[in-house]
Amino acid sequence: MAEGSDRPEWLVVGQITKAHGVKGELLVWPLTDSPEATYAPGRRLWVGEASGELGESPLEVEVEGVRPYRRGLLVSLAGYESRDAVEELLRRYVLLPADELEPREEGEVFYHELLDSEVVTVDGAVVGRVREVYETEPAHLLEVKGERGVHLVPFTRQIVKQVEPGERIVIDPPEGLLDV
């Protein structure tokens, strides 16, 4: 976010999708670029609401074990040793204090920092503001809403030329991208 603006205190780092087996393991869909560090045994995490908010009474948990499973992780938590014990956690989000995230590499940004950024072309034409970031393949997409409607802009080096998190994103769109 821009200097002086509110930086979120908590970030969503996963969603608990379902119980797995009878020993209290949870299938977690990681929403982080560093799941190994985020879900390392001994790590303390917070389980928030199904809405993705921390909520009024978040549950602090400790990762006891983790292993890859399909496109997610099977996570066991200290004190949760049966399928019945984890039922209350299903379909809720896992959060981490923003100041505990892994340090970023040079040029990296968190997607939440892109939200509400003004998007302009290299020629200075205003396209709109970023409303959402979609993690898709082969490229992630910025949903940009402006006077001419909503545009999906691939978040690639070929198109995105400059990023000032929370402020401005400069793009060089290929012909026709903004005509749709």
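Structure shown above.
Once a new chain begins, its residue numbering starts again from 1 and follows that chain's sequence as written. Where local features are concerned, this predicted model is filtered to residues with pLDDT of at least 70; where side-chain atom pairs are given and counted, the filter is 80 or more; whole-chain, interface and lining totals use all residues. Here the side-chain values reflect all heavy atoms present in the structure, with hydrogen atoms and water set aside.

1. What about the overall build of the protein chain?
Counting from the N terminus, the helices are the DSSP runs of H or I reaching at least four residues and the strands are the DSSP runs of E reaching at least two. Along its length, the protein chain carries 2 helices and 12 strands. Overall size of the protein chain, expressed as C-alpha extent along the three principal axes, is 60 × 35 × 30 Å. Residue exposure (1.4 Å probe, protein chains only): buried if accessible area is under 20% of the type maximum, exposed if over 50%, otherwise partly exposed. Expressed as a percentage of its 180 residues, the buried residues of the protein chain come to 39%. In this analysis, two residues are considered to be in contact whenever any of their non-hydrogen atoms come within 4.5 Å of each other. The long-range share in the protein chain, meaning contacts at least 24 apart out of those at least 6 apart in sequence, stands at 51%. Method for areas: the Shrake-Rupley scheme with a 1.4 Å probe, in which residue coverage is limited to the protein chains shown. Of the roughly 11,000 Å² of accessible surface on the protein chain, 46% is carried by carbon and sulfur atoms. His is not counted, nor are the chain ends, whereas Lys and Arg count as positive and Asp and Glu as negative. Note on charges: their place is set at NZ of Lys, CZ of Arg, CG of Asp or CD of Glu. Within the protein chain, the 36 negative side-chain charges are centred at a point lying 6 Å from the centre of the 19 positive side-chain charges.

2. Comments concerning the sheet that holds strand β11 (residues 160-164)
Two strands qualify as a pair provided DSSP detects at least 2 bridges between them. Pairing in this open sheet of 6 strands is mixed, and the strands run β10-β9-β8-β7-β12-β11 from one edge to the other. Single-partner strands in this sheet number two, and they are β10 (149-154) and β11. Direction aside, neighbouring strands of the sheet carry axes that sit 30° apart on average. Here 4 bridges tie strand β7 (residues 118-121) to strand β12 (residues 168-171), and the two strands are oriented parallel to one another. For Thr-121, the partnering residue across the bridge sits in β12 and is Ile-171. With axes taken as lines fitted to C-alpha atoms, and helix axes fitted only over the stretch in contact, angles between N-to-C directions fall between 0 and 180 degrees.

3. Some words on the pairing of strand β5 (residues 72-77)
Along β5, 6 of the 6 residues are buried, which leaves the element largely enclosed by surrounding structure. Alignment of strand β2 (residues 25-30) against β5, held across 3 bridges, turns out to be antiparallel. Bridge assignment links Leu-26 to a residue of β5, and that residue is Val-75. Of the strand pairs in this sheet, strand β4 (residues 59-69) and β5 are connected by 6 bridges, and their pairing is antiparallel. By the bridge assignment, Gly-65 is partnered in β5 with Ser-76. A loop of 2 residues connects β4 with β5, the two strands running antiparallel in sequence, and Arg-70 in this loop sits at a positive phi of about 50°.

4. Looking at the side chain of Arg-43
With respect to the helices, strands and loops of the structure, Arg-43 is situated in the loop between α1 (35-38) and β3 (44-47). What makes Arg-43 buried here is its relative accessible area of 17%. Between N or O atoms, a polar contact is any pair within 3.5 Å; within protein, one atom must be a potential hydrogen donor and the other a potential acceptor, and residues adjacent in sequence are included only when both atoms are from side chains. In terms of polar contacts, Arg-43 uses its side chain to reach the backbone carbonyl oxygen of Ala-37, at 3.1 Å. Aside from chain neighbours lying at most four places away, what touches Arg-43 is Ala-37, Thr-38, Val-61, Glu-62, Val-63, Leu-96 and Glu-100.

5. Structural notes on the layout of surface pockets
To locate leftover empty space, one rolls a probe as large as a water molecule over the atoms. Lining residues are those with an atom within 4 Å of a point, where the points come from a 1 Å grid over the protein atoms alone and group into cavities, where a 1.4 Å probe fits but cannot get out, or pockets, open sets with protein on both sides within 12 Å along at least five of seven lines. Grid points are joined across faces, edges and corners, and a volume is the space filled by probe spheres set on the points. Quantified by volume, the largest pocket comes out at close to 1,600 Å³. Forming the walls of the largest pocket are 37 residues, and the residues nearest its centre are Asp-33, Val-109, Phe-110, Tyr-111 and Glu-135. Taken together, the elements giving at least two residues each to the lining of the largest pocket come down to β1 (10-20), β2, α1, β8 (126-134) and β11. Looking at the lining of the largest pocket element by element, the count peaks at 3 residues for β1. Empty space within the second largest pocket amounts to approximately 170 Å³. Forming the boundary of the second largest pocket are Thr-121, Ala-125, Val-126, Val-127, Gly-128, Gly-146, Glu-147, Arg-148, His-151, Pro-173 and Leu-178. Ranked by residues supplied to the lining of the second largest pocket, first place goes to β8 with 3 residues.

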